[in-house]
6 protein chains.
Amino acid sequence: MLLHLCTWAEVEARLARSTGIILPIGSTEQHGPNGLIGTDAICAEVFARAVGEAEDALVGPTINVGMAQHHLGFAGSMTLRPTTLIAVVRDMVQSLARHGFDKFFFINGHGGNVATVTAAFSEIYAEHSLRRPDDGNGSGASNALRPRCAIKNWWESEAAHRLSRELYGAEEGSHATPSEVSVTYYAYPDAIKSAEMSPRVAPSGRFTDSTDYRSRFPDGRIGSNPALASAEHGKRIVEAVTPDLAAAYRRFLAE
Amino acid sequence: MLLHLCTWAEVEARLARSTGIILPIGSTEQHGPNGLIGTDAICAEVFARAVGEAEDALVGPTINVGMAQHHLGFAGSMTLRPTTLIAVVRDMVQSLARHGFDKFFFINGHGGNVATVTAAFSEIYAEHSLRRPDDGNGSGASNALRPRCAIKNWWESEAAHRLSRELYGAEEGSHATPSEVSVTYYAYPDAIKSAEMSPRVAPSGRFTDSTDYRSRFPDGRIGSNPALASAEHGKRIVEAVTPDLAAAYRRFLAE
Amino acid sequence: MLLHLCTWAEVEARLARSTGIILPIGSTEQHGPNGLIGTDAICAEVFARAVGEAEDALVGPTINVGMAQHHLGFAGSMTLRPTTLIAVVRDMVQSLARHGFDKFFFINGHGGNVATVTAAFSEIYAEHSLRRPDDGNGSGASNALRPRCAIKNWWESEAAHRLSRELYGAEEGSHATPSEVSVTYYAYPDAIKSAEMSPRVAPSGRFTDSTDYRSRFPDGRIGSNPALASAEHGKRIVEAVTPDLAAAYRRFLAE
Amino acid sequence: MLLHLCTWAEVEARLARSTGIILPIGSTEQHGPNGLIGTDAICAEVFARAVGEAEDALVGPTINVGMAQHHLGFAGSMTLRPTTLIAVVRDMVQSLARHGFDKFFFINGHGGNVATVTAAFSEIYAEHSLRRPDDGNGSGASNALRPRCAIKNWWESEAAHRLSRELYGAEEGSHATPSEVSVTYYAYPDAIKSAEMSPRVAPSGRFTDSTDYRSRFPDGRIGSNPALASAEHGKRIVEAVTPDLAAAYRRFLAE
Amino acid sequence: MLLHLCTWAEVEARLARSTGIILPIGSTEQHGPNGLIGTDAICAEVFARAVGEAEDALVGPTINVGMAQHHLGFAGSMTLRPTTLIAVVRDMVQSLARHGFDKFFFINGHGGNVATVTAAFSEIYAEHSLRRPDDGNGSGASNALRPRCAIKNWWESEAAHRLSRELYGAEEGSHATPSEVSVTYYAYPDAIKSAEMSPRVAPSGRFTDSTDYRSRFPDGRIGSNPALASAEHGKRIVEAVTPDLAAAYRRFLAE
Amino acid sequence: MLLHLCTWAEVEARLARSTGIILPIGSTEQHGPNGLIGTDAICAEVFARAVGEAEDALVGPTINVGMAQHHLGFAGSMTLRPTTLIAVVRDMVQSLARHGFDKFFFINGHGGNVATVTAAFSEIYAEHSLRRPDDGNGSGASNALRPRCAIKNWWESEAAHRLSRELYGAEEGSHATPSEVSVTYYAYPDAIKSAEMSPRVAPSGRFTDSTDYRSRFPDGRIGSNPALASAEHGKRIVEAVTPDLAAAYRRFLAE
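Let me sum up the structure you'll find in this document.

Parameters and conventions
Residues numbered from 1 in each chain as written. Chains lettered and ligands numbered in written order. Predicted model: local features only at pLDDT ≥ 70, side-chain atom pairs only at ≥ 80, totals over all residues. Heavy atoms only, no water. Buried < 20%, exposed > 50% of the residue type's maximum accessible area, 1.4 Å probe, protein only. Helix = DSSP H or I, 4+ residues; strand = E, 2+ residues; numbered from the N terminus. Arc of directions from axis to C-beta. Contact = heavy atoms within 4.5 Å. Buried area = accessible area lost by both parts, 1.4 Å probe. Salt bridge = Lys/Arg side-chain N within 4 Å of Asp/Glu carboxyl O. Expected span 1.5 Å × (residues − 1). Least-squares fit on C-alpha atoms with pLDDT ≥ 70 in both. Pairing = 2+ DSSP bridges. Axes fitted to C-alpha atoms, helices over the stretch in contact; angles between N-to-C directions. Core = buried A, V, L, I, M, F, W, Y, C linked by side-chain atoms within 4.5 Å. Parallel < 35°, antiparallel > 145°, perpendicular 65-115°, else oblique. Nonpolar A, V, L, I, M, F, W, Y, C, P; charged D, E, K, R; others polar. Disulfide = S-S within 2.5 Å. Phe/Tyr/Trp six-rings, centres within 6.5 Å; stacked < 30°, edge-to-face > 60°. Lys NZ or Arg CZ within 6 Å of the ring centre and 35° of its normal.

## What about helix α5 (residues 158-168) of chain E?
Residues and elements named next belong to chain E. Taken together, the buried positions of α5 are Ala159, Ala160, Leu163, Ser164, Leu167 and Tyr168. Considered in projection along α5, the buried side chains sweep an arc of 125° and stay on one side of the axis. Exposed side chains of α5 directed beyond 90 degrees from the buried face belong to Glu158, Arg165 and Glu166. Looking at the buried side of α5, the elements it contacts are α6 (178-187) and α8 (231-254). Immediately beyond the C-terminal end of α5, within one or two residues, lies Gly169, with a positive phi of roughly 55°.

## Things to note about the interface of chain A and chain B
Listed per partner, the contact involves 55 residues of chain A and 55 residues of chain B. Between chain A and chain B, a total of about 4,200 Å² is buried, with carbon and sulfur atoms accounting for 60% of that surface. When the buried surface of chain A facing chain B is broken down by residue, His4, Leu5 and Trp8 of chain A rank first, second and third, together holding 18% of it. Here chain A and chain B share 4 salt bridges between them.

## Some details on unusual backbone geometry
Each neighbour pair has its own omega, and for Ser198 of chain A with Pro199 of chain A the value is 0°, a cis peptide bond. In this structure, Asp56 of chain B is a non-glycine residue whose phi angle is positive, near 50°. Looking at where Asp56 of chain B falls in the secondary structure, it is placed in the loop between α2 (39-55) and α3 (82-99). Of note in the backbone geometry, Ala176 of chain F takes a positive phi value of approximately 60° without being a glycine. Note that Ala176 of chain F resides in the loop between α5 (158-168) and α6 (178-187).

## Details of helix α2 (residues 39-55) of chain F
Residues and elements named next belong to chain F. For α2, spanning 17 residues, the distance from its first C-alpha to its last is 24 Å, which sits close to the expected 24 Å at 1.5 Å a residue. Of all 17 residues making up α2, 13 are buried, and the element is well covered by its neighbours. Following α2 by one or two positions, Asp56 has its phi on the positive side, about 50°.

## Comments concerning the relation of the copies chain A and chain B
When chain A is fitted onto chain B, the two copies agree to an RMSD of 0.0 Å after a turn of 180° and an axial shift of 0.0 Å. Viewed as a symmetry operation, the transformation between the two copies matches a two-fold axis. Ranked by how close their C-alpha atoms come to the rotation axis, the residues of chain A are headed by Thr84 of chain A, at 3.4 Å. A symmetric contact is evident, with 100% of the interface residues of chain A recurring at the interface of chain B.

## What to know about the sheet that holds strand β3 (residues 148-153) of chain C
The strands that make up a sheet are held in pairs by hydrogen bonds between backbone atoms, and each pair lies either parallel or antiparallel. All names here are of chain C. With respect to topology, 3 strands assemble into an open sheet ordered β1-β2-β3, the strand pairing being parallel. A single partner strand is all that each edge strand has here, and the edge strands are β1 (20-25) and β3. Here the strands of the sheet are splayed against their neighbours by 20° on average, with no regard to which way each runs. Pairing geometry for strand β2 (residues 103-108) and β3, over 6 bridges, is parallel. Counted as the bridge partner of Ile107 is Lys152 from β3. This element, helix α2 (residues 39-55), spans β1 and β2 of the sheet and lies at about 160° to β1. Taken strand by strand, helix α4 (residues 114-129) contacts β1, β2 and β3, and its axis lies near 175° from that of β3.

## So, the nonpolar core
Membership of the largest hydrophobic core comes to 228 residues, with the highest contact counts inside it found for Phe104 of chain A, Phe104 of chain B, Phe104 of chain C, Phe104 of chain D, Phe104 of chain E together with Phe104 of chain F. Leave out the neighbours within four places in its chain, and Phe104 of chain A touches Ile21, Leu23, Val93, Leu96, Ala97, Pro147, Arg148, Cys149, Ala150 and Phe252 of chain A. Residues Ala246 and Tyr249 of chain E together with Phe47 and Leu245 of chain F belong to the second largest nonpolar core, which totals 62 residues.

## Some thoughts on the packing of helix α6 (residues 178-187) of chain D against helix α8 (residues 231-254) of chain D
Residues and elements named next belong to chain D. Relative to each other, α6 and α8 sit at 100°, their axes nearing to 7 Å. By the angle between their axes, α6 is roughly perpendicular relative to α8. Judged by residue contacts, Ser179, Ser182, Val183, Tyr185 and Tyr186 of α6 engage Ala231, His233, Gly234, Lys235, Ile237 and Val238 from α8. For the contact of α6 with α8, the class distribution of residues is 6 nonpolar, 4 polar and 1 charged.

## With respect to the relation of the copies chain D and chain F
With an RMSD of 0.0 Å, chain D superimposes on chain F once it is rotated by 180° and translated 0.0 Å along the axis. Comparing contact sets, 100% of the residues at the interface of chain D also lie at the interface in chain F, consistent with an isologous, same-surface contact.

## Points about the sheet that holds strand β3 (residues 148-153) of chain E
All names here are of chain E. Strands sit in the order β1-β2-β3 across an open sheet of 3 strands; the sheet is parallel. Each of the sheet's edge strands pairs with one partner strand only, and the pair in question is β1 (20-25) and β3. Here the average twist between neighbouring strands, direction ignored, is 20°. Contacting β1 and β2 (103-108), helix α2 (residues 39-55) crosses the sheet at an angle of about 160° to β1.

## Examining the environment of Phe105 of chain F
All names here are of chain F. By secondary structure assignment, the location of Phe105 is in strand β2 (residues 103-108). Taking the C-alpha atoms as reference, Phe105 lies 7.8 Å from Phe252; in sequence the two are 147 residues apart. Those residues within four positions of Phe105 in sequence are excluded, and the remaining contacts are Ile21, Ile22, Leu23, Ala150, Lys152, Leu245, Ala248, Tyr249 and Phe252.

## Side note on the environment of Arg90 of chain C
All names here are of chain C. With respect to the secondary-structure elements, Arg90 resides in helix α3 (residues 82-99). On the accessibility criterion, Arg90 (23% relative accessible area) is partly exposed. Once the C-alpha coordinates of Arg90 and Phe121 are considered, the two residues, 31 residues apart in sequence, prove to be 7.5 Å apart.

## Focus: the interface of chain D and chain F
Taken together, the contact pairs 30 residues of chain D with 30 residues of chain F. In total, chain D and chain F occlude about 2,900 Å² of area from one another, counting both sides; carbon and sulfur atoms represent 60% of this. Put simply, chain D and chain F have 4 salt bridges between them. Linking Asp209 of chain D and Arg146 of chain F is a salt bridge whose minimum nitrogen-to-oxygen distance equals 2.8 Å. Taken together, the elements giving at least two residues each to the side of chain D that touches chain F come down to α3 (82-99), α4 (114-129) and α7 (210-216) of chain D. Ranked by residue count, the leading element in the side of chain D that touches chain F is α4 of chain D, at 11 residues.

## Notes on the state of the cysteines
Counting across every chain of the model gives 0 disulfides over all chains. Left without a disulfide partner, Cys43 of chain D is nearest to the cysteine sulfur of Cys6 of chain C, which lies 17 Å away.

## Re the packing of aromatic side chains
Counted according to the given criterion, the structure contains 60 aromatic pairs over all chains. Note on Phe74 of chain A and Tyr213 of chain A: the rings are 6.1 Å apart at their centroids and 85° apart in plane angle, and the pair reads as edge-to-face. Of this pair, Phe74 of chain A sits in the loop between α2 (39-55) and α3 (82-99) while Tyr213 of chain A sits in helix α7 (residues 210-216); the two residues are 139 residues apart in sequence, bridging distant segments of the chain. For the pair Phe74 of chain A and Tyr213 of chain A, one class covers both residues: buried. Through a chain of ring-to-ring contacts, the aromatic side chains of Trp8 of chain A together with Phe74, Phe207, Tyr213 and Phe217 of chain B assemble into a single cluster. The residue whose ring lies beneath Arg148 of chain B is Phe252 of chain B, and the NZ or CZ to ring-centre distance is 4.7 Å.

Laid out in C-alpha cells, this is it:
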C-alpha cells in the first residue's frame, strides 16, 4: 500500500497491525547513452511497490535525489551533499517514528547512497546512544521508541545476481547496467531509448569527483553494455527479484 | 518532458534550447478524513507535468516530503525541518546550475512550503550577494552563472480561485480542500475514499505546532468540506489551471 | 517596558502577570537616496516601544540585522544568511521560554525577513512536533511549555495602508517608501537627508540577488518617491498605526 | 557616525576615506539586584558611539544578544549558542567586507562573548587560510580582500582599571560591577534602580551552566557591590575610558 | 616518517618528492573482556607507521575517536556523530591540500568508520563537482587541485584473512577479534589483559543503537574468542599484513 | 592510566572511584625551523600522562589536530575550523558523560585552541541552561548529570613561567618557544633537529590569517629563539611543571 494513497486514518489502522515501512531511495543521474536519468529512483520505486504488494506493507514516499556527486559532469545529474541527505533521512525517520513506526526498510536503487544512508542511520541511533539511561531526561532504555533501520540494494539479491549473469554475463558492469536499464524499460516502455555503444563494453575502474569520473568514463557507463537491455528482461528481473526482497523484508521485521 | 525519462545527452540538447526547468514540490501529510496523504505531492506533480507538456519544458524530480511539522499529530504525516529543506533546495538548484540551468520554477502543492522555500532561494542568492566583485575570487558579476528561482502555488492561479468558488463556494476552506482532493481523485481514481464529515465544514483558524493543530482541527481539515470532491471536478480543475500556470512559467522565463 | 531597562527581579514579577513579549526585528540595508540604512530596525523599534507603552508589555532587544542579501550591492547593507537568522530566532525564543515566556510577538520592519522568520517558527515548533507523546522523553503534550510565535509587519496594518494612500498615493512604492522614511525622520530628526530623486518615482519589479537588484533599481528604491517623506508625516503614521498594532498584540495574547 | 543614520551614498563616500568600522557587541542578561538586563549592550553602545564621535569613525549596528548561557537561571536573560554567534559575526563581517570594509573593531560589553567572538574571527580567517594560493579559484593572496578583526573589552582599558580601583576598590567584582552599572545609569538616568545588597559584596568564583551559576551567586552578582554605582560615576568613566578606546582603535587601524 | 616529528621545512622538501600522505583513523571503544579501548586507534597507528617506514611515506596524525555510537553501552567508549566526523575529515584533507597534498590514504582500524569516512570523501568531492567549469569562479577543471582519497581496512588485506583463518579459524569473529587484540598486545605488551570468556565464542548478529548492541552482546564481543590473542601473534600479523598495505598504498599512488 | 590501554570493565571500576578524566588537546602545526609539527600534541600528551600517573587519573585520547588556521602558510600545518572543533569536543564530552564522567580536564598544548574550546564548553552547558526545569522533559536540575569542564595550558603554570624565565629569559617568545621544543626533544630524542635561527630572536606581534602570519613571521617563530632548546631542559620542565598541573587537577576535582 502506498502511503501517498492512504488517509491518515488508514495509516493509523495499519500501524496497529505493523510498525514497519518500506522507503524507496533512488537518484537522479546520468545512466549512459540509453539509460534514463531517473533509473535509480524508478528501480527503487518499482521494487518497493512490488514488495509492498507482496507483503501488504506500507510504502513511503520516494527519495528521488540521492548522493551522486560523481555524475555531475553529465547534464541533468543531481546530488544532495552527504550531510544534506543525512538530514533528510533523519527527518523522515523521526517523522514516522512520531507515529509509532519503528522498522525502516530502505529499498535502494543507487550504490552511491549506501555509505551516506548508513551514516544517517548511525546519526539517528547516536541520539539514543549518547543519552544517559538515568540522566534526568527520563529516557530509560526500556520504554523509549528506538527506530531500527536497514538499507537493501535490489541488485544485490541472489536472483538479481543470477539473472544478470544469465542475461548479460560480463557485460553487466557496475553503472548503467543492462539490468537496471531493463527494469526502467519495463516500467516505462514509452521511454525506451536506443544508442550506439562505443566501445561495446565500457571501461571499469574507480573514480573520485565528477571531473575525474567523466575523464575515465566518457559516456557515463562503467563496465556495462546497456544496449542489451529490454523491457522483457525487465519484467523477468522484477518478477525474480521481488520475492528475494520480500523475504529480506520479512526477515528484517522478524529480527 | 520528465527529466527522469531523459538520457543525459537529451538533457544536454535541451539545454541548448532552454535553461529553464520546472520542479514539483509537495508534501506528505494528512488531508482529512477522505484526502490522501500524498495530496500535495500528487497535485504538484500533476500540474508540473501538465505544464511541462504544454510548454515542452523539462520537469525535474518531485520533492515528496516538505515542511509540514504542524501535521505530525496525524499518522503518516512527515516533515523536513526548515533547515533541512533549505539544504535540499540549495543542493538541487546548485546541481542543475552546474549544467547551465538558471531558471528554476517550483510548482508547489503545499502552503507550508512557501516560507521555507523562499528562504532557501535567499540562501542561494546570498552566496553570490556576499561575494565581492573584485575579491580575487574572480567572480565578476558579469560572467558568473546566477540562478533565478520562483515558487508558484497552483491553487493561487486565477482559474483555481474561479473554479473553487464556483464548485465549492465557502466550503473550499484552506486545508484538505475539495479542490486539491479532486485533483488527486482525478489522478488516482482507484484511491478515491469516502468518509463522513462531521461537522460538514471544518473549523478555521491558525495553529502553531502539531499538538495545537490537532486540538483545533480534530480530523485534520481546516475550513473545508472535501466530501464535495470528485474526479470529474479534478479533471476540470487540471484543465482550467494548467494554462494559467503555463502562462506564469512563460512570464518567468521572459522576465 | 524595555527588557533592557529592567532588572531580572522586575522581569520575574512581570512574568507572573503576562507571559507575552514583543520582539522588534529590523534590517540594516540601503533605503535609497535619502533613506537611512537603519530604517527597518528603527521602525521596528519605534513601533515595538509604542505598543509596549500602550499595552504595558515587555519589549525585548532589537534584531538589528535581518535577511537582506538583495541589498548588498549598496554600501553599508548587511545580511544574515537565512539559516543564521533561523538559529538566532530559535535561540532567542528558547532563552525566553526558559523563563516561562510563551507568546512571542515579533514586530517587523522589513519584508525580506518574513519568509525566514516564519521558517524559524516552524523550526522551533518542529522540535515539539517531532517528539512522540510517550517516547520515554516524558514530553507529554499536556505539560510541556510550547512557544507560540507571530510576526506582524507594521506597514500592513489598516491605518498604515490608509495613511500611505492619503499621503503618497501611487508614490508609496514598496522599498524606501515615504512612509518608512517618515517614521525614521520623526524618530531621528537630526538625521533627515535630502536628495534628488531621478526618476521621481522609482521603477517596480522583482529581483533575485544583489547584482540583479542593483541593475533593476539603480538608486535602491522600488516604486517609491521618498522625497515626500517628512518628520511630521512620521508622527502621524506612528500615532495612527500604534493602536492597530496594539490591538493585534491583544488579539495574539487572547488567541 | 552611526551606520544606521547614514544613506548608502554617505557610506560609499566614507569608505573612500577609511575602511575601518566599529561594531558594538553586548549581551542581554541579568546584572544583579539593581543592574539592568541590557547593561552590556548599553555599555558597548555608549563606548562605541563615543569612540565613533571622537575618531569620526563609522559605528555599525549593535549585537544585542551575546553568549550568556550561564545567566539563564535569572528571568529575562538570553543567549545565543556559541555556534549561532559565530555565524552572526561571520555574516556581518562578510556583508561589510563585500563593500570594502576590512578592519573590524568590536567594542565589547560582556566577558562571556570573548571566547566565542575570537573563535568567530578564526572561522572567518580559516576560509582564506584553507584556500590554496594557486588552486584555480584565482584567490591569490595578493589581491583578495582579507578582513582583519579585533575585540576590545571596554573595562580592560587602563583608565577603566584606574577609575574602578579609585571608586570601588575591592568592591568592583567581576559581574554586575558598579562600573558597568554606573555607565548605564549615566546613559539611562530614568532607569536607575535601587536594591538591598545582601551580602554587601557578592561571593566570587567560577561557574559552569546556569544552574551552577545560580546556586553559587544567588542574586546574580559576582564579587561586586553595585550599590555603589551612580550616574555621576558613569559620566566620569565614560569620559575617562573613551580616549583609551579611541587610541586603541587608532592603533588597530595603523597596524 | 611521522608528520608530527617533522619540521615544516622537511615537509616542504618531502612534498617535492610525493604529494601522498597516510592518515591513521581508529576509534575509542570497548573491545570485550580483554581487549583495549584504544584497540582500533592502536592498530591503525601501528600499520600506518609500518607502511610509512616501508614506503618512506609521510604519516599524519591519528584520528583517535571515530564513529562508534553502538558501543556507548560500555564504559569508556566514545563516538563522534557521523556529521562531526565528516567535518573533521573534510578539514584535515583541506588543510593538507592547502600545501599541495592530493592523495590521502586513510588506514582504518574500525569497521564503524567506513560508511562515514566514505561519505566524507563524497562531501569533499562534491565541492568540486558542484562547481561550474566556467562559472566566473575561475575554477577550471584543468588547474584546480582536486584531492583523491581512499580508506583501507587493515583487516581486509589478504594476509590478514589468511593469518586469522590459520590462527583462529571460526573464532576470529567480527568485533574484539583475536587478530586485533593480538596487534595491540604486540604494540603494548605491558597492557596485556586476561579475562574469562563466557561463552568461549561470542554470539554473532547485527545491531542498531547502543542499548540494542549491549542486549545482544553482553560482554562486548561479536563472534570472537579474543582469549586466543597473544603478542607473538600480533608480531606475525603486523609483519604479514604490512607488505599488503604497502602494496595497496603504492597502487593508490599510481592510480 | 590511559583510557586506550584499559578494558571497559576497568573503566567501569574506575568510575566508581572517580568521575574525573584528563583529555590532552594539541595541534598539528609548524613550530619554526627546528620545532616539530606535532609539538603541541606531544606536549599535551606528555603532561597529561605525567599528571595521570601522579594522580592515578584516567587520561583519554589526544585531540591531535586543533584550531591552527593561522599556521596554514607553512607546509604540514593542519586546522579544524572552530565550528568543527566545537562539535568534536561536544561529542567527546557527551560520550563520556553517558558513562557517568562529569569532570573534564583538558590539558592543552596550543594557545590557538583556548577560545574555541572555551566556546565548546559553553555550547555544552547551553544545552542544560536552555532547558526549562519543569518543561515536561523531566530535566529537573537536581538529578540531571551536568558536565563540568576546564582547560589548562601547561605553559601557564607557575613552574613553567619560572623555568622559562630562568632558562631562556626574553628569548622564550610565544610561538615555537624553547620550552615547548625542549619538552618534545625530551619526549622524542631521536627527532631533535638543528637549524640556523635568523634573526636569533624572531619578531613579535599579532596576526590574522595564514597569509598575514607568514608575512610577519617568515620562519614561523614568534618572539622566540628555539635554538636554546634541549632534551635536558625538557626533562627539567616536565618534572617541574607536572606537580603544578597535578595540583590544578586536584583543585578542579574538589571544586
